2 protein chains.
Amino acid sequence: MREVADRAGVAMSSVSRVLSKHPDVSPAMRDRVLAAVDELGYEPDILAQSLRRKETRTIGFVVGDISNPLFAQIAMGAEGALRENGYSMLLTNSENDPRLDAGHVSLLRQRRVDGLLLSTASEDSPELFAALEGFEGPVVLIDRDLPKKLGASAVLSDHRSGMRDAIGHLLDLGHRRIGMIIGQPLRFSRERRIGLEEAYAQRGLDDTFIVLEGRLSPEHGRSATRELLAAPEPPTAIVTGGNQILLGALEEIHDRNLALGSELSLISCDTVSLTELHQPPIAVVRRDPREIGRRAGGLLLRHLTDSSAPPEEVTLPTEFVARASCGPPS
Amino acid sequence: MREVADRAGVAMSSVSRVLSKHPDVSPAMRDRVLAAVDELGYEPDILAQSLRRKETRTIGFVVGDISNPLFAQIAMGAEGALRENGYSMLLTNSENDPRLDAGHVSLLRQRRVDGLLLSTASEDSPELFAALEGFEGPVVLIDRDLPKKLGASAVLSDHRSGMRDAIGHLLDLGHRRIGMIIGQPLRFSRERRIGLEEAYAQRGLDDTFIVLEGRLSPEHGRSATRELLAAPEPPTAIVTGGNQILLGALEEIHDRNLALGSELSLISCDTVSLTELHQPPIAVVRRDPREIGRRAGGLLLRHLTDSSAPPEEVTLPTEFVARASCGPPS
């Protein structure tokens with residue numbers, strides 16, 4: 001910085017004013033300093049600055065499971081919104097292990113990120129709550145339900161109504177025995193289950209469905225599908241509540257050579273390449289992951305520019321898309 | 001830290017020695033200090049420490065395109081190896097945009113990561129080279145070919161031999177007109193092309209193949225497939241050199257209702273859920289992305305513990321897996 005001041009022939013304080021974008025700087029002064037910065041290839045020590053200013057213009061995104069292609073889309077949506085506003089994003093991956101969430105929040109806090117996006121592997125980890133209480137910046141949850149006292153904002157998906165429509169479609173086709181395979185009890189699993197129940201209740205039908213809860217993994221998808229199909233009266237339709245679950249379910253369905261849409265109906269949650277390019281294409285409850293990321297990034301930016309803004313919850317729609325993987329029960 | 005010293009009834013310098021794992025510390029002293037640390041919930045200010053020690057035990061991973069599911073596997077392999085050794089990992093995503101690579105290297109440098117894993121969107125960006133020259137820690141490239149003067153180590157995949165076997169399989173089935181669709185000129189695209197050429201050369205066959213180069217995107221995959229199939233003498237087999245390219249190629253193939261394995265043969269690169277669960281399953285040139293990540297993490301750890309270790313190149317195998325998407329030409 002001294003070299004820049006010498007080269008520009010100005011005081012150190014003038015260099016500092018230009019670089020901190022102080023309003024009381026003449027255009028001529030600004031040009032002289034920036035020219036010297038360019039010539040010297042000077043790069044401000046952002047970390048030392050941030051220790052003084054307590055700002056790094058960096059956001060941390062704690063991702064529960066980066067192998068879910070949905071997160072790539074959400075991350076890209078958020079990254080775009082943040083980059084337009086001069087923020088960079090750092091990701092951590094918890095590999096679906098709740099114990100890692102808290103550690104990642106602490107790591108990002110120590111790396112002094114200005115704000116956090118959270119899509120954690122669990123919603124009830126005391127270690128996570130403690131780590132979050134130690135974080136001073138704004139936090140935006142993505143499809144997670146954490147205690148209100150943490151003061152976080154959230155971008156949620158209305159899983160319930162999309163799933164209600166999906167189950168309604170199956171019921172209207174004549175299905176009564178529907179099997180739903182979901183993951184650990186996170187918000188989206190709970191909401192999907194309620195959507196299922198509501199669709200039956202709306203039609204005054206008995207609860208002739210079965211819900212198998214487990215992990216968001218191909219192994220659970222496969223073993224739950226096997227369990228459902230081995231029942232004395234197996235379901236005529238299966239709904240998979242997660243991309244990893246879908247993978248295992250399809251393996252089992254292929255191994256049994258079941259024709260989707262005639263011998264068994266199948267609906268999954270979220271559009272991935274497999275649901276689109278499978279033959280027949282697989283019906284889905286769809287949402288817009290890029291938009292979810294954009295809105296989450298936007299909400300975080302709002303809190304970063306106005307620290308007095310109250311926590312906010314945004315709920316985005318889901319939509320059922322009927323496809324050839326669904327037909328009347330055989 | 002003063003509170004810890006007071007609570008433990010020892011000098012500040014003793015606390016410091018225990019926390020920095022200094023060898024000259026008695027077990028009794030160590031236990032007393034760590035008990036006080038636990039009781040007070042003391043958390044060392046890692047950033048302030050790192051400014052003194054110049055070490056953050058954090059690694060940065062610059063990912064070219066996080067929407068490629070292969071990266072999730074590589075990242076998880078690397079993260080596992082690093083975590084076992086007390087390192088955390090931060091990811092950035094360049095969205096396949098070379099201009100972002102250099103910015104991410106700078107960001108991670110400013111966040112003072114100790115080392116870098118790089119799978120950049122380009123191999124010839126002067127901005128990237130400049131950013132890397134400013135980075136003091138070790139760098140490990142993942143399947144990228146950057147100038148040797150940068151002194152980086154690398155974990156590479158032997159794409160050439162796997163592709164030679166794949167093309168050999170098609171040639172032995174009787175195919176002669178083979179279309180290959182690849183992305184921008186990165187190492188793996190070049191190597192796959194050479195593998196193709198070698199398979200023809202080994203058999204003394206004329207170069208009756210066609211290679212279409214473009215972006216690693218579904219759009220390129222689709223338009224290149226359309227172009228290949230619209231030719232007066234269309235290829236009887238197509239090889240897609242990337243997951244995103246495969247998506248577009250399959251869209252076009254499905255739209256034309258071409259039966260894979262009889263009307264058209266198809267081989268892709270890298271195992272993803274779609275290649276496994278497509279019907280028929282799609283033949284692939286396979287590699288082990290977790291192992292790639294593990295080896296890259298291990299190489300980085302080696303350089304972090306021994307800064308005098310010379311750069312090293314590790315090449316891991318690829319393997320062709322024949323599947324029902326390949327058959328004799330119709």
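Preceding block: the structure.
Rules used throughout
- Residues numbered from 1 in each chain as written.
- Chains lettered and ligands numbered in written order.
- Predicted model: local features only at pLDDT ≥ 70, side-chain atom pairs only at ≥ 80, totals over all residues.
- Heavy atoms only, no water.
- Helix = DSSP H or I, 4+ residues; strand = E, 2+ residues; numbered from the N terminus.
- Expected span 1.5 Å × (residues − 1).
- Buried < 20%, exposed > 50% of the residue type's maximum accessible area, 1.4 Å probe, protein only.
- Arc of directions from axis to C-beta.
- Pairing = 2+ DSSP bridges.
- Right-handed = clockwise from strand over helix to strand, strands pointing away.
- Contact = heavy atoms within 4.5 Å.
- Buried area = accessible area lost by both parts, 1.4 Å probe.
- Salt bridge = Lys/Arg side-chain N within 4 Å of Asp/Glu carboxyl O.
- Core = buried A, V, L, I, M, F, W, Y, C linked by side-chain atoms within 4.5 Å.
- Axes fitted to C-alpha atoms, helices over the stretch in contact; angles between N-to-C directions.
- Disulfide = S-S within 2.5 Å.

Focus: helix 3 (residues 27-40) of chain B
Residue and element names in this part refer to chain B.
Thinking step 1. Here helix 3 contains 14 residues, and its C-alpha end-to-end distance of 20 Å stays within 8% of the 20 Å for a straight helix at 1.5 Å per residue.
Thinking step 2. When helix 3 is considered as a whole, its buried residues turn out to be Val33, Ala36 and Val37. On an axial view of helix 3, the arc spanned by its buried residues comes to 105°, and they lie on one face. Opposite the buried face of helix 3, at more than 90 degrees from it, the exposed residues are Pro27, Ala28, Asp38 and Glu39.
Thinking step 3. Following helix 3 by one or two positions, Gly41 has its phi on the positive side, about 60°.

Observations regarding the pairing of strand 2 (residues 88-93) of chain B
All names here are of chain B.
Thinking step 1. Within strand 2, 5 of the 6 residues are buried, leaving the element largely enclosed by the surrounding structure.
Thinking step 2. Pairing of strand 1 (residues 58-63) with strand 2, which is carried by 6 bridges, proceeds in the parallel orientation. Note on strand 2: the bridge partner recorded for Gly60 is Leu90.
Thinking step 3. Note that the unit made of strand 1, helix 5 (residues 69-84) and strand 2 has a crossover that is right-handed.

Things to note about the interface of chain A and chain B
Thinking step 1. Chain A puts 40 residues into the contact, and the matching count from chain B is 40 residues.
Thinking step 2. Carbon and sulfur atoms make up 58% of the area that chain A and chain B hide from each other, which totals about 3900 Å².
Thinking step 3. Where chain A touches chain B, the interface holds 2 salt bridges.
Thinking step 4. The shortest N-O distance in the salt bridge between B:Glu95 and A:Arg83 comes to 3.6 Å.

Brief notes about the nonpolar core
Thinking step 1. Counting residues in hydrophobic clusters, the biggest one holds 52 residues, and the most contacted among them are A:Phe61, A:Leu91, A:Leu117, B:Phe61, B:Leu91 and B:Leu117.
Thinking step 2. Setting aside anything within four residues of it in sequence, one finds A:Leu91 in contact with A:Phe61, A:Val63, A:Ile66, A:Ala75, B:Ile66, B:Met89, B:Leu90 and B:Leu91.
Thinking step 3. Grouped together as the second largest cluster of nonpolar side chains are 42 residues, A:Ile181, A:Ala224, B:Leu250 and B:Leu264 included.

A few points about the sheet that holds strand 6 (residues 178-182) of chain A
Residues and elements named next belong to chain A.
Thinking step 1. Ordered by their spatial adjacency, 6 strands build an open sheet running 7-6-8-9-10-12, and the pairing between neighbours is mixed. Looking at which strands have only one partner, the edges of the open sheet turn out to be strand 7 (209-213) and strand 12 (319-321). Looking at each pair of strands side by side, their axes are set apart by 15° on average, direction ignored.
Thinking step 2. Strand direction decides the pairing type here: strand 6 and strand 7, joined by 5 bridges, are parallel. Residue pairing for strand 7: Ile182 is matched across the bridge by Glu213.
Thinking step 3. Docked against the sheet, helix 10 (residues 218-229) engages strand 6, strand 7 and strand 8 (237-240), running at close to 160° with respect to strand 6.
Thinking step 4. With respect to the sheet, helix 11 (residues 243-255) is in contact with strand 6, strand 8 and strand 9 (265-269), its orientation differing from that of strand 9 by roughly 160°.

A few points about the sheet that holds strand 6 (residues 178-182) of chain B
Residues and elements named next belong to chain B.
Thinking step 1. Spatially, 6 strands are ordered 7-6-8-9-10-12 in an open sheet, and the strand pairing comes out mixed. Edge positions in the sheet fall to strand 7 (209-213) and strand 12 (319-321), since each has one partner strand and no second. With direction set aside, neighbouring strand axes in the sheet form an average angle of 15°.
Thinking step 2. In this sheet, strand 12 lies alongside strand 10 (residues 283-286) in antiparallel orientation, the contact comprising 3 bridges. Directly across from Val285, in strand 12, lies its bridge partner Phe320.

A few points about the state of the cysteines
Thinking step 1. The full count for this structure, using the stated rule, is 0 disulfides over all chains.
Thinking step 2. Not engaged in a disulfide, the cysteine A:Cys269 finds its nearest cysteine sulfur in A:Cys326; these two sulfurs lie 12 Å apart.

A look at the pairing of strand 1 (residues 58-63) of chain A
All names here are of chain A.
Thinking step 1. For strand 1, the tally of buried residues reaches 6 of 6 residues, placing the bulk of the element in the interior.
Thinking step 2. Here strand 1 shows a buried face lined by Thr58, Gly60 and Val62 and a second buried face lined by Ile59, Phe61 and Val63.
Thinking step 3. As paired elements, strand 1 and strand 3 (residues 115-119) share 5 bridges and run parallel to each other. Note on strand 3: the bridge partner recorded for Ile59 is Gly115.

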